[in-house]
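Take a look at the letters that make up each chain.
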Amino acid sequence: MAAAPLRVLACGDVEGRLEALFGRVRAIQSKSGPFDMLLCVGNFFGSTSEAEWAEYCTGAKKAPIPTYVLGANDQETVSYFPDVSGCELAENITYLGRRGLYSGTSGLQIAYLSGTESQHEPAPAYSFSAKDVAELKTSLLSTPNFKGVDILLTSPWPRDVGTFANSAGEIDTKKCGSKLVSDLAASLKPRYHFAALEKAYYERLPYRNHTVLQETPQHVSRFIALAEVGNTSKKKYLYAFSIVPMSLMDPAELVKQPQDTTENPYRKSQKEAQKSKAFLCAEEESACQFFFDLNKHQGKKRHSDGKEGGNSQPKQAKKPPQPSGPCWFCLASPEVEKHLVVSIGTHCYLALAKGGLLPDHVLILPIGHYQSVVDLSSEVVEEVTKYKSALKEFFRSKGKRYVLFERNYKSQHLQLQVIPVPLDRCTAEDIKESFIAQAQEQKIELLEIPEHSDITQVARSGKPYFYVELDTGEKLFHRIRGPFPLHFGRSVPAPLPLLPVPVSGGADAGCACRAVLASDAVLAIPHRADWRRCEAERAEEAAQARAFRRDFQPFDFALRA
Ligand SMILES: [Zn+2]
């Protein structure tokens, strides 16, 4: 199935500097052999190119390579492009058209969209509108077995392309570029996407087009922005690469993921858009009386004067979902065991675990009623991260590393369990291996989450899972697939499924985590594996909490707020 790769050149804004461009192309070709085509994005024509262009039109000069260009980005250059559906502008120079798919005899598929984004319908001749993008998407996505395109050419950058990525230098990718282009790229899944107009060169790390562990792997996409031809700061404007059309590629080869592949920058922004929509509907939350009560017990002040405190109280931005019944972990609820609370931030708090594995087994909990990390808003996530690093420092100062796990199974209120393990007992690698070994034994599928992935990218809201995180940032994830093993229909006789059979990865998942940590391989305290056998007297719990608070104080950012 091996097909000879095509050799392609891509170029940023030409701005009418045809001599400079073609001179460079000739030099490259004489040095490293012929290329099959040259693709130009951004402004092909500049305002001062009339005379030079005339020589190409008359045939006095000729492009050294089949050259494909996008249309105008402003009113001044519209007249250079006589036919919106594409046409030959001069020998060897082809205008691709307003939007569409170009597929040459090689099988290479090139999707293109000319112009800049317009908010208006109909868009001016040098712009595209939401309707153009929707039509282009529909025409391509409706082809049978659509997997993506080889190349996408647009003039503007896609908005948010820098999310999860290496820095785009001086370009702020949250503000620059077109949202419609992001939307198009998210749907067309180009293997290469070229853009220009920003006078900058930027090669983004490749990003994936599937969600890890939820979808079958797909090819990665590479975004490359190119500078303008002949720029004085020597920014890269010409990009050479070779490519085998995806239609001719071995499927396994096509979906290979380079080591530095990141999350999809556009999926996140879609998800955030949905989240912020949900929050706009929620009401503002007013005063939170429990802060005052707890501060008294805690003996530590944020501003200890209750009356004045109103102004300086941390702002609870949005109202989290309300529990349907009594909740042990909503900080405002009467059920919460306040004597175990050891630190209170703006969105989260720390409490010692009831019947903890160790006296300093601590929980990170959201103050409001959130079910899992997937449901947290970004400011809550931010504070969870702050607590994690404070605890990491705190435990490191005591010669320990923490292991964190979340069991999102039949739990109403998110609890991140943080358990310190003495550094000299075992390495992070040992801990990881213990989990993996235990999972194998219990036939639990435990997957390592790729380095650049976040738990919220892998887990789905409302779907049970558990995950383990080491303070090195390494994460292991297991998706819980319902209360019975998948194979139960085949192997269990009919009346039995009604019995509460213990199942791998289900109700036991949290206990399994505890068991791993209590085991000889890690903490060697097997007698503490079951929390029900670890319950202490209330006075003892309160003393442990006091001790923890005292020791943690230098690391507690919530006290410095
Ligand atoms: Zn709750």
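Reading the values: rules and limits
Residues numbered from 1 in each chain as written. Predicted model: local features only at pLDDT ≥ 70, side-chain atom pairs only at ≥ 80, totals over all residues. Heavy atoms only, no water. UniProt positions renumbered as here; feature names shortened; annotations may be inferred. Salt bridge = Lys/Arg side-chain N within 4 Å of Asp/Glu carboxyl O. Helix = DSSP H or I, 4+ residues; strand = E, 2+ residues; numbered from the N terminus. Buried < 20%, exposed > 50% of the residue type's maximum accessible area, 1.4 Å probe, protein only. Donors = N, O, S within 2.8 Å, 3.2 Å for Na, K, Ca; no water. Tetrahedral: all angles 85-135°; square planar, octahedral: opposite > 155°, others 65-115°. Pairing = 2+ DSSP bridges. Axes fitted to C-alpha atoms, helices over the stretch in contact; angles between N-to-C directions. Contact = heavy atoms within 4.5 Å. Right-handed = clockwise from strand over helix to strand, strands pointing away. Expected span 1.5 Å × (residues − 1). Core = buried A, V, L, I, M, F, W, Y, C linked by side-chain atoms within 4.5 Å. Arc of directions from axis to C-beta.

The name an unreviewed UniProt entry gives the chain is CWF19-like protein 1, with Strigops habroptila as the organism. Recorded in UniProt for the chain, the comment headed Sequence similarities (unreviewed entry) runs: "Belongs to the CWF19 family."

Novice: Explain the pattern of salt bridges to me, please; I cannot follow it from the model alone.
Specialist: Pairing is possible between side chains that carry opposite charge, provided their charged atoms lie close to one another. Tallied over the full model, the rule gives 23 salt bridges. For Lys-235, the salt bridge identified is with Glu-170, shortest N-O distance 3.8 Å. Residue Lys-235 is located in the loop between strand 14 (220–225) and strand 15 (238–243), and its partner Glu-170 is located in the loop between strand 10 (151–154) and helix 4 (179–188); the two are separated by 65 residues in the primary sequence. Classification of Glu-170 as exposed rests on a relative accessible area of 60%. When the shortest N-O distance is used, the salt bridge between Glu-337 and Arg-538 registers 3.9 Å. With Glu-337 in the loop between helix 8 (309–312) and strand 16 (341–344) and Arg-538 in helix 14 (residues 538–552), this pair connects stretches of sequence that are 201 residues apart. Each member of the salt-bridge network shares a partner with another, and the members are Arg-98, Arg-99, Lys-131, Asp-132 and Glu-135.

Novice: Honestly, the coordination of the zinc ion in this entry has me stumped. Any pointers?
Specialist: Octahedral metals with six donors have ideal donor angles of 90 or 180 degrees. Tetrahedral metals with four donors have an ideal donor angle of 109.5 degrees. Only Cys-327 (SG), Cys-330 (SG), His-369 (ND1) and His-413 (ND1) from the protein reach the zinc ion as donors, at distances of 2.0 to 2.3 Å. Relative to the metal, the four donor atoms surrounding the zinc ion lie at angles of 101 to 115 degrees, and the coordination shape comes out tetrahedral. The motif formed by the donor residues of the zinc ion, counted along the single chain, is C-x2-C-x38-H-x43-H. One end of the pair, Cys-327, is in the loop between helix 8 and strand 16; the other, His-369, is in the loop between strand 18 (362–366) and helix 9 (378–397), and 42 residues separate them in sequence.

Novice: Looking at this structure, how should I read the sheet that holds strand 15?
Specialist: Each strand in a sheet pairs with its neighbour through backbone hydrogen bonds, running either in the same direction (parallel) or in the opposite one (antiparallel). Ordered in space as 4-5-3-2-1-15, the six strands form an open sheet in which the pairing is mixed. Across the chains shown, the open sheet's two edge strands, defined by having one partner strand only, are strand 4 (87–90) and strand 15. The sheet shows a mean angle of 25 degrees between the axes of neighbouring strands, taken without regard to direction. Bridging between strand 3 (residues 67–69) and strand 5 (residues 93–95) involves three bridges; their strand directions are parallel. The residue of strand 5 that forms the bridge with Tyr-68 is Thr-94. Of the strands in this sheet, strand 4 and strand 5 touch helix 2 (residues 50–58), which is tilted by about 115 degrees from strand 4.

Novice: Could you clarify how one ought to interpret the pairing of strand 10 in this entry?
Specialist: By the alternation rule, side chains of strand 10 split into Ile-151 and Leu-153 and Leu-152 and Thr-154, which are all buried. Strand direction decides the pairing type here: strand 7 (residues 109–113) and strand 10, joined by four bridges, are parallel. Following the sheet pairing, Ala-111 is matched in strand 10 by Leu-152. Sheet analysis places strand 10 next to strand 11 (residues 192–195), joined by three bridges and oriented parallel. In the strand pairing of strand 11, Ile-151 is matched with Tyr-192. With respect to chirality, the unit in which strand 10 leads through helix 4 into the neighbouring parallel strand 11 is right-handed.

Novice: Just to check I follow, could you spell out the pairing of strand 20 (residues 416–422) for this structure?
Specialist: A regular strand places its side chains on the two faces of the sheet in alternate fashion. Of all seven residues that make up strand 20, six are buried, and the element is covered over most of its length. Sheet topology places strand 18 next to strand 20; three bridges connect them, and they run antiparallel. When the sheet's bridge partners are listed, Ile-364 is paired in strand 20 with Leu-416. Sheet topology places strand 19 (residues 400–408) next to strand 20; six bridges connect them, and they run antiparallel. When the bridges of strand 20 are listed, Val-403 appears paired with Ile-419.

Novice: Where do I start with helix 1 (residues 18–32) in this structure?
Specialist: Residues spaced three or four apart along an α-helix face the same direction, because each turn holds 3.6 residues. Here helix 1 contains 15 residues, and its C-alpha end-to-end distance of 21 Å stays within 8% of the 21 Å for a straight helix at 1.5 Å per residue. Looking at the residues trailing helix 1, positive phi occurs at Gly-33, about 90 degrees.

Novice: Help me understand the nonpolar core in this model?
Specialist: Nonpolar side chains tend toward joint burial in soluble globular proteins. Residues Val-362, Ile-364, Leu-391 and Phe-548 are the most contacted members of the largest nonpolar core, which totals 36 residues. No other element matches the seven residues that helix 9 contributes to this core. Among the nonpolar cores identified, the runner-up in size contains 29 residues, and Val-14, Phe-44, Val-78 and Ile-93 belong to it.

Novice: Is there a simple way to explain the sheet that holds strand 19 in this structure?
Specialist: Across the sheet, which stays open at both edges, the eight strands sit in the order 16-17-18-20-19-22-23-21 with antiparallel pairing between neighbours. Looking at strand neighbours, the two that pair on one side only are strand 16 and strand 21 (447–448), the edges of this open sheet. Contacts between helix 14 and the sheet are confined to strand 16, strand 17 (348–352) and strand 18, with strand 16 contributing the most and set at about 35 degrees to the helix.

Novice: Teacher, can you tell me more about the environment of Ala-515 here?
Specialist: Along the chain, the position of Ala-515 falls in helix 13 (residues 509–518). For the pair Ala-515 and Pro-526, spaced eleven residues apart in sequence, the C-alpha to C-alpha distance is 7.2 Å.

Novice: Whenever I open this one, unusual backbone geometry confuses me. Can you help?
Specialist: Across residues other than glycine, the phi torsion is negative in most instances, and most of the peptide bonds are trans. Following Glu-121, the chain continues into Pro-122 via a peptide bond in cis, with omega recorded as -10 degrees. Within the chain, Glu-15 stands out as a residue other than glycine whose phi angle is a positive 55 degrees. Phi is positive for Asn-92, close to 75 degrees, though the residue is something other than glycine. Within the secondary structure, Asn-92 sits in the loop between strand 4 and strand 5. For Asn-92, a relative accessible area of 22% gives the class partly exposed.

Novice: Mind showing me how you'd approach helix 14 here?
Specialist: The terminal C-alpha atoms of helix 14, which comprises 15 residues, lie 21 Å apart, in line with the 21 Å expected from a rise of 1.5 Å per residue. For helix 14, the complete set of buried residues consists of Glu-541, Ala-542, Ala-545, Phe-548, Arg-549 and Phe-552. Considered in projection along helix 14, the buried side chains sweep an arc of 125 degrees and stay on one side of the axis. Exposed residues on helix 14 whose side chains face more than 90 degrees from its buried face are Ala-539 and Arg-550.

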